[in-house]
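Remarks on the overall topology
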There are 2 protein chains.
Amino acid sequence: MDSIDIEILKLLQKNARVTASEIASEVSLSVPAISERIKKLDSSGIIQKYTIILSTQKMNKNLVAYMFISLKHPNYIEGFVELVENENEIIECDYLAGDYDYLIKIITKDTKSLEAVLNRIKTVTGVQKTKTIVTLSTVKNTYSILPYEDTNM
Amino acid sequence: MDSIDIEILKLLQKNARVTASEIASEVSLSVPAISERIKKLDSSGIIQKYTIILSTQKMNKNLVAYMFISLKHPNYIEGFVELVENENEIIECDYLAGDYDYLIKIITKDTKSLEAVLNRIKTVTGVQKTKTIVTLSTVKNTYSILPYEDTNM
DNA sequence: CTTGAAAAAGCGAGGGA
DNA sequence: TCCCTCGCTTTTTCAAG
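Bear in mind that the values here come from a model prediction, so they are computed numbers and not experimental data.

**A short note on the pairing of strand β5 (residues 127–141) of chain B**
Two elements, strand β3 (residues 90–96) of chain A and β5(B), share five bridges in a ladder whose sense is antiparallel. The partner of A:Tyr95 across the bridge, within β5(B), is B:Ser137. In this structure, strand β2 (residues 63–71) of chain B lies alongside β5(B), joined through seven bridges in antiparallel fashion. What sits directly across from B:Met67, in β5(B), is B:Thr132.

Shown next, in the form of structure tokens:
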């Protein structure tokens, strides 16, 4: 991965549908050279996925909340994770070190739909303790890590 | 937005570089019909952006942490937000209702680089109290809300 | 929404620094 | 190895119905 790859990744992150021709003229290489580099970035797994981000506002999902969850026992992980995977309004779920076991991010329509999700979570077998935090606004969201060269490896 | 648009959004979310031809054969419409629908989903803002998700592992960013932050006074918001925007390793930042003012998500290389980020945050003028939580593993991350029809609007 | 032709983009082979 | 150019195929765009 050199600085040209970084530049390609930046352009794809800004717009994943940018054509190889456009990238080629940006970085002053031929189209096949760009295609070849993208193919390598793909197959090496550096590019995990090409995706679209949907507007929460346009989709009427204006309520963002975080919920901390503790389970009674690791036995209950499997059932809990299954629920997490099936709930479309749970966007993220991390397993934590510390007081609580999990942190999930929920994006939903309003307080009523949030209540419904929270209740489904709280009634999963093994869920012991929860704490919910509602967000007022989102200051930053880059969705992915940014591409840059690692200077201290 | 009808069920065909939903289908298009799902396919784009799975792979934002899928061709209109492929979508067309999936949903049994002509290529121009698909292009026209995508153009509308674009210009209406429903599709917020086409982007790539980079592999944290391949980019050597294997440490995910959350940090809660309280400011002494709303006067300090501007300076804090500026730092947040400039720190590449801060992926998300939400303004909260509750005990703390902000929750940020940090993705970085290791504990050493995390320490560096945390110290930069803690030394921003007006930062009063912080609490950091390290994640052990990521259970789920969809990056965007999912496209589906709203049945109760 | 469709079809069909023109324009653009992408792909693969062969060869050069 | 990485890059180029050239010719061919696929995709996109646009006009007309």
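Structure shown, so let's carry the discussion forward.
**Side note on the protein's contact with DNA strand C**
Neighbouring DNA strand C are A:Thr19, A:Ala20, A:Ser21, A:Pro32, A:Ser35, A:Lys39, B:Leu29, B:Ser30, B:Pro32, B:Ala33 and B:Arg37. Close to the protein, within 4 Å, the atoms of DNA strand C are drawn from sugar and phosphate at a rate of 78%. A distance of 2.8 Å separates a phosphate oxygen of DNA strand C from a polar side-chain atom of A:Ser21. A distance of 3.3 Å separates a phosphate oxygen of DNA strand C from a polar atom in the side chain of B:Arg37. A breakdown of the residues in the surface near DNA strand C according to their chemical character gives five nonpolar, four polar and two charged.

**Some details on the protein's contact with DNA strand D**
Around DNA strand D, the structure places A:Leu29, A:Ser30, A:Pro32, A:Ala33, A:Arg37, A:Lys40, B:Thr19, B:Ala20, B:Ser21, B:Val31, B:Pro32 and B:Ser35. In DNA strand D, atoms within 4 Å of the protein come from the sugar-phosphate backbone in 81% of cases. At a separation of 3.1 Å, a phosphate oxygen of DNA strand D approaches a polar backbone atom of B:Ala20. At 2.9 Å from a phosphate oxygen of DNA strand D is found a side-chain nitrogen or oxygen belonging to B:Ser21. Contributions of two or more residues to the surface near DNA strand D are made by α3 (31–43) of chain A together with α2 (20–27) and α3 (31–43) of chain B. Ranked by the residues each element gives to the surface near DNA strand D, the list is headed by α3(A), at four residues. Taken together, the residues of the surface near DNA strand D break down into six nonpolar, four polar and two charged.

**Remarks on the pattern of salt bridges**
Inspection of the entire model under this criterion finds 10 salt bridges over all chains. The partner of A:Asp2 in a salt bridge is A:Arg37, and the shortest N-O contact between them spans 2.9 Å. On the criterion of sequence distance, the pair formed by A:Asp2 in the segment before α1 (3–14) and A:Arg37 in helix α3 is long-range, its members being 35 residues apart. The closest approach of N and O atoms between B:Glu89 and B:Lys61, which form a salt bridge, is 3.0 Å. One end of the pair, B:Glu89, is in the loop between α4 (77–86) and β3 (90–96); the other, B:Lys61, is in the loop between β1 (47–54) and β2, with 28 residues separating them in the sequence.

**A word on the packing of aromatic side chains**
One pass over the structure, following the stated rule, counts seven aromatic pairs over all chains. Residues A:Phe68 and A:Tyr100 carry aromatic rings whose centres are separated by 5.3 Å and whose planes lie at 40° to one another, so their mutual orientation is tilted. With A:Phe68 in strand β2 (residues 63–71) and A:Tyr100 in the loop between β3 and β4 (102–108), this residue pair connects regions lying 32 residues apart in the sequence. Ring geometry for A:Phe80 against A:Tyr102: centres 4.6 Å apart, planes inclined by 40°, an arrangement best described as tilted. Linking A:Phe80 in helix α4 (residues 77–86) with A:Tyr102 in strand β4, this pair joins segments that are 22 residues apart in sequence. Here A:Phe80 falls in the buried class, since its relative accessible area comes to 1%. Three or more aromatic residues link up through ring pairs in this structure, and these residues are A:Phe68, A:Tyr100, B:Phe68 and B:Tyr100.

Rules and cut-offs
- Per-chain numbering applies: the sequence of each chain, read as written, is numbered from 1 onward.
- Written order determines the labels here, with chains lettered from A and ligands numbered from 1.
- Given that the model is predicted, a residue must reach a pLDDT of at least 70 before its local features are reported, and side-chain atom pairs must reach 80 or more before they are shown or counted; all residues, however, enter totals for whole chains, interfaces and linings.
- Based on all heavy atoms of the structure, the side-chain values leave hydrogens and waters out of the count.
- A strand pair is defined by DSSP finding two or more bridges across the two strands.
- A run of H or I in DSSP counts as a helix once it spans at least four residues, and a run of E counts as a strand once it spans at least two, with each numbered from the N terminus.
- Any residue with a heavy atom lying within 4 Å of a molecule or strand is counted as near it.
- Two N or O atoms form a polar contact when they lie within 3.5 Å of each other; inside protein one atom must be a possible hydrogen donor and the other a possible acceptor, and for residues adjacent in sequence the pair counts only when both atoms belong to side chains.
- For this classification, Asp, Glu, Lys and Arg are treated as charged, while Ala, Val, Leu, Ile, Met, Phe, Trp, Tyr, Cys and Pro are nonpolar and the rest, including Gly, are polar.
- For this document, the term salt bridge refers to a Lys or Arg side-chain nitrogen within 4 Å of an Asp or Glu carboxyl oxygen.
- Put simply, two rings from Phe, Tyr or Trp (the six-membered ring, in Trp's case) pair if the centres are within 6.5 Å, and we call them stacked under 30 degrees between planes, edge-to-face over 60, tilted for the rest.
- A 1.4 Å probe rolled over the protein chains alone gives each residue an accessible area, and that area as a share of the maximum for its type sets the label: buried under 20%, exposed over 50%, partly exposed in between.

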